[in-house]
Number of protein chains: 2
Amino acid sequence: MADTSAKRLIDSDKTGEPAPDIKRGKTDNENGREDGNESVQENVLSGFKTSSVLSDSAREKNIFIHGKVADQDAVVILEKTPIREDSLAELFSGSTLKLEMKNDIYSTYRLQAPPHLNEIKTTVVCPATEKHIKKYQRKESFLVEETEEDYKNITLPHILKQSFSVQWVYNILEKKAEAERIVYEDPDPDVGFVLLPDFKWDQKQVDDLYLIAIAHQRDIKSLRDLTSEHVPLLQNIFQKGKEAILQRYNLPASKLRVYLHYQPSYYHLHVHFTKLGYDVPGCGVERAHLIADVIQNLQSDPQYYKTRTLYFPLRADDGLLSKFKEAGRL
Amino acid sequence: MADTSAKRLIDSDKTGEPAPDIKRGKTDNENGREDGNESVQENVLSGFKTSSVLSDSAREKNIFIHGKVADQDAVVILEKTPIREDSLAELFSGSTLKLEMKNDIYSTYRLQAPPHLNEIKTTVVCPATEKHIKKYQRKESFLVEETEEDYKNITLPHILKQSFSVQWVYNILEKKAEAERIVYEDPDPDVGFVLLPDFKWDQKQVDDLYLIAIAHQRDIKSLRDLTSEHVPLLQNIFQKGKEAILQRYNLPASKLRVYLHYQPSYYHLHVHFTKLGYDVPGCGVERAHLIADVIQNLQSDPQYYKTRTLYFPLRADDGLLSKFKEAGRL
């Protein structure tokens, strides 16, 4: 299980997103009033000295900072909290408004809220190692152009040499792990698969629905291995996956985005089912391939994915990127 | 020019993103200390009564609310402000920390900041009409499956009947408008184009670079009209667009995501150039098509985009969606 999460975390690491993921530990009183059950600590950050901003996101209102707490290296993550409907009345009545601009029916203000209604989620890693600091550093990504020859000469040898373990996938397929999480299974060895929620989804609401279908077939590393002989497998995953999601979550196919990644996070065929409108990292055109397109392409050209030049982003610290650079392909 | 922005706004309306865009008017003292030059208003929102939440985003920390200000309909938009590096020292020294969890080197807190360091951007539209309220309402989107026949029988007649004006595009191509915004032009009538910044990009940093290339050819409505005869045009836009962006913004091709939309916002061929890693609405696999893939597909099958089933999201209020529903295709 530890292995599983480790492998899956790679998923969010490969997306080329500007800011790293934050594990969000929700509590009932998050952004709410203090309830007397918690201790007000001495402010351990009052003397915090910022060394550098590792990354930040103006869109998501978070910032990852490297600095020192009492001479120890630390990483501090700040993220503003979502605005809660149930705090609106108190927010409006208890805040100060400062007018910035008024034009006809439009006006803008800066609202200064009571601190307990407008908290900032703060995570401290201390002492932090070089590894922690690197983990939170914004990593640039580069778009790589991979021809049929590049795959054979660069990518495939890299995959084989790394021999990434997919034991955790086999554990799921053999019910040695996570059996209780399985939403649907077709046990057929050729076209069968297991459908289960992705770790990124807490299953509390369908707004951010995210499931993964893992094929029972073990010899398909990625999109590059697919030929027309795999069309029945892909069609089966697509069709039965949609049916299972309709039945379990009452979400019709017209609300789903169903796709494969290239490069994938792990080299065992799997398909992503996410809710349309949920802009999850990894659903961008530079990495995702709609399964419906994949099926059509293989039907009209059995060698489509073996012969095409494919494009995908790789992060600066990805070993595969070094291989492309060494080969003079970037 | 008014027409231009109106048309372009459709762009963000068609993405199927959960929350509508906010026009962000930045000021120098946003989220900063009050500087004495502004009036502290009577809190016009102190008696605000919420009727409904039109939409919200936990990721972006904003909320769009419909309610009443002194018996008048109003829309209020709240959005938390980005965390600024230059306010960190004061934030750390002046805040209260409440411990939530401590485990080994990891601890989490709720940070209560001085209000002037943690403002909420507030926009009020009052009185608001039914149209304003509709504009900010979260609109669900649905994935539509469009076969070759669906295009001929449903989509094409709808496009032709609507006869969407692209006069603003012709104004740009003829230098009657926005001539000063043009970054690059190839004037060739067959393979030429004009490259200019998208309105969504303020051009202040390349992190969110967004340019549009508009073809001089006027008879290509969308991806559906492309055949192998357009490959030279697409190659020219791709190649010269990349060169112009390298020269002007010092951003190499490996940092670019270059794609077409289907459905597009307006039916005159144009190509999107955005920075890789900037997850702009509309770059998702369900709507974007990499120009490099389009070129390859047309090279191997001249009729690829005329004959394929294409998938795209349509918002609930899109007239085209009604047509697909009427035809029993959803």
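The rules behind each value
Residues numbered from 1 in each chain as written. Chains lettered and ligands numbered in written order. Predicted model: local features only at pLDDT ≥ 70, side-chain atom pairs only at ≥ 80, totals over all residues. Heavy atoms only, no water. 1 Å grid on protein atoms, 1.4 Å probe; cavity = no way out; pocket = protein on both sides within 12 Å on 5 of 7 lines; lining within 4 Å. Points joined across faces, edges and corners; volume = space filled by probe spheres on them. Helix = DSSP H or I, 4+ residues; strand = E, 2+ residues; numbered from the N terminus. Nonpolar A, V, L, I, M, F, W, Y, C, P; charged D, E, K, R; others polar. Contact = heavy atoms within 4.5 Å. Buried area = accessible area lost by both parts, 1.4 Å probe. Salt bridge = Lys/Arg side-chain N within 4 Å of Asp/Glu carboxyl O. Polar contact = N/O pair within 3.5 Å; in protein donor to acceptor, adjacent residues only side chain to side chain. Expected span 1.5 Å × (residues − 1). Buried < 20%, exposed > 50% of the residue type's maximum accessible area, 1.4 Å probe, protein only. Phe/Tyr/Trp six-rings, centres within 6.5 Å; stacked < 30°, edge-to-face > 60°. Lys NZ or Arg CZ within 6 Å of the ring centre and 35° of its normal. Least-squares fit on C-alpha atoms with pLDDT ≥ 70 in both. Pairing = 2+ DSSP bridges. Axes fitted to C-alpha atoms, helices over the stretch in contact; angles between N-to-C directions.

Visitor: Please explain empty space enclosed by the protein as it appears in this structure.
Guide: Rolled over the atoms, a probe with the dimensions of a water molecule shows which regions are left empty. Per the counting criterion, the structure on display carries 11 cavities of 30 Å³ or more. Taken as a whole, the largest cavity holds about 370 Å³ of empty space. Lining the largest cavity are 25 residues, and of these His289(A), Asp293(A), Asn297(A), Asp293(B) and Asn297(B) lie nearest its centre. Taken together, the elements giving at least two residues each to the lining of the largest cavity come down to β13 (288–290), α7 (291–300), α8 (304–307) and β14 (310–315) of chain A together with β13 (288–290), α7 (291–300) and α8 (304–307) of chain B. Taken together, the residues of the lining of the largest cavity sort by class into 13 nonpolar, 8 polar and 4 charged.

Visitor: Teacher, can you tell me more about the layout of surface pockets here?
Guide: Space inside the second largest pocket adds up to approximately 380 Å³. Broken down by secondary-structure element, the contributors of at least two residues to the lining of the second largest pocket are α6 (231–249), β11 (256–261) and α7 of chain A together with β7 (141–146) of chain B. In terms of residue count, the dominant contributor to the lining of the second largest pocket is α6(A) (4 residues).

Visitor: Mind showing me how you'd approach the interface of chain B and chain A here?
Guide: Accessible area lost during the coming together of the parts is what is often quoted as the interface size. Contacts between chain B and chain A engage 96 residues on the former and 96 residues on the latter. Counting the surface lost from both chain B and chain A, the interface buries some 9,100 Å², and carbon and sulfur atoms represent 53% of this. Here chain B and chain A share 12 salt bridges between them. Across the salt bridge formed by Glu140(A) and Lys255(B), the nearest N and O atoms sit 3.1 Å from each other. Along the contact surface separating chain B from chain A lie 49 residue pairs in polar contact (both at pLDDT 80 or more). The element that contributes the greatest number of residues to the side of chain B that touches chain A is strand β5 (residues 106–112) of chain B, accounting for 7 residues. The class makeup of the residues in the side of chain B that touches chain A is 42 nonpolar, 32 polar and 22 charged.

Visitor: For this particular structure, what's the right way to read helix α6 (residues 231–249) of chain B?
Guide: Helical periodicity: at 3.6 residues per turn, an α-helix aligns residues three or four positions apart in one direction. All names here are of chain B. Its 19 residues give α6 an end-to-end C-alpha distance of 26 Å, which sits within 8% of 27 Å, the value for a rise of 1.5 Å per residue. Summarising the contacts, the buried residues of α6 are in contact with β8 (184–186), β9 (193–197), β10 (210–215), β11 (256–261), β12 (270–275) and α7. Of the residues flanking the end of α6, it is Asn250, one or two places downstream, whose phi is positive at about 60°.

Visitor: For this particular structure, what's the right way to read α7(A)?
Guide: For α7(A), the buried fraction is high: 7 of the 10 residues fall into the buried class. For α7(A), every residue scored as buried is listed here: Ile291(A), Ala292(A), Val294(A), Ile295(A), Gln296(A), Asn297(A) and Leu298(A).

Visitor: Which parts of the structure should I look at to understand the pattern of salt bridges?
Guide: Applying the stated criterion across every chain yields a total of 42 salt bridges over all chains. Notably, a salt bridge pairs Lys61(A) with Glu79(B), separated by 2.4 Å at the nearest N-O pair. You can see Lys61(A) sitting in the loop between β1 (49–57) and β2 (62–69) and its partner Glu79(B) sitting in strand β3 (residues 72–80), one on each of two chains. Relative accessible area serves as the criterion here: at 5%, Glu79(B) is assigned to the buried category. The closest approach of N and O atoms between Glu146(B) and Arg224(B), which form a salt bridge, is 2.8 Å. Of this pair, Glu146(B) sits in strand β7 while Arg224(B) is found in the loop between β10 and α6, placing the two residues 78 residues apart along the sequence. By relative accessible area, which is 2% here, Arg224(B) ends up buried. Members of the salt-bridge network, linked through shared partners, are Arg59(A), Glu60(A), Asp279(A), Arg59(B), Glu60(B) and Asp279(B).

Visitor: Explanation requested: the packing of aromatic side chains in the structure shown.
Guide: How two aromatic rings sit relative to each other is given by the distance of their centres and the angle of their planes. Inspection of the entire model under this criterion finds 16 aromatic pairs over all chains. Centroid distance Tyr184(B) to Phe193(B): 5.7 Å. Interplanar angle 45°. Geometry classified as tilted. Take Tyr184(B): its relative accessible area is 25%, and that puts it in the partly exposed class. Using a relative accessible area of 0% as the deciding quantity, one classes Phe193(B) as buried. Taken together, the ring pairs connect Tyr262(A), Phe312(A) and Phe324(A) into an aromatic cluster. Here the guanidinium or amino end of Lys242(A) rests over the ring plane of Phe238(A), the centre of that ring lying 3.7 Å away. The ring of Tyr170(B) carries Arg218(B) above its face, with NZ or CZ at 4.1 Å from the centroid.

Visitor: Quick question: what am I supposed to make of the environment of Leu321(A) here?
Guide: Residues and elements named next belong to chain A. In this fold, Leu321 is placed in helix α9 (residues 319–326). Residue class for Leu321 comes out buried when judged on its relative accessible area of 0%. The sequence separation of Leu321 and Ile154 amounts to 167 residues, and the corresponding C-alpha distance is 9.8 Å. In this structure Leu321 touches Phe142, Val144, Leu314, Arg315, Ala316 and Leu330, once residues within four positions along its chain are discounted.

Visitor: What's the story with the relation of the copies chain B and chain A in this structure? I'm lost.
Guide: The second copy of the chain is related to the first by a rotation about an axis and a shift along the axis. Turning chain B through 180° and shifting it by 0.0 Å along the axis lays it on chain A, with an RMSD of 0.1 Å. Taken together, the turn and the small shift mark the pair as related by a two-fold rotation axis. A share of 100% of interface residues in chain B that are also interface residues in chain A marks the association as one of identical surfaces.

Visitor: Would you explain the sheet that holds β3(B) in this entry?
Guide: By definition, the strands of a sheet pair up through backbone hydrogen bonds, in either a parallel or an antiparallel sense. Within the open sheet, the 6 strands sit side by side as β4(A)-β5(A)-β6(B)-β3(B)-β2(B)-β1(B). Their pairing is antiparallel. Each edge of the sheet is formed by a strand with only one pairing partner; in this case those strands are β4 (96–103) of chain A together with β1 (49–57) of chain B. For this sheet, the mean angle separating the axes of adjacent strands, direction not counted, is 20°. Pairing analysis gives 8 bridges linking strand β2 (residues 62–69) of chain B to β3(B), with the strands arranged antiparallel. Directly across from Gly67(B), in β3(B), lies its bridge partner Ala74(B).

Visitor: I keep staring at the side chain of Thr108(B) and nothing clicks. Help me out?
Guide: The topology assignment puts Thr108(B) in strand β5. Look past the residues within four positions of Thr108(B) in its chain and what remains in contact with it is Thr122(A), Thr123(A), Lys98(B), Leu99(B), Glu100(B) and Met101(B).

Visitor: Would you explain the sheet that holds β1(A) in this entry?
Guide: Read from one edge of the open sheet, 6 strands run β1(A)-β2(A)-β3(A)-β6(A)-β5(B)-β4(B), paired in antiparallel fashion. At either end of the open sheet lies a strand with only one pairing partner, and these are β1 of chain A together with β4 (96–103) of chain B. Adjacent strand axes in the sheet meet at a mean angle of 20° when their direction is disregarded. In this structure, strand β3 (residues 72–80) of chain A lies alongside strand β6 (residues 120–125) of chain A, joined through 6 bridges in antiparallel fashion. Of the residues in β6(A), the one forming a bridge with Val75(A) is Val125(A).

Visitor: Looking at this model, I keep getting lost on the environment of Lys134(A). Mind explaining?
Guide: Tracing the sequence through the fold places Lys134(A) in helix α3 (residues 130–136). Residues Lys134(A) and Asp317(A) lie 183 residues apart in sequence; the distance between their C-alpha atoms is 9.9 Å.

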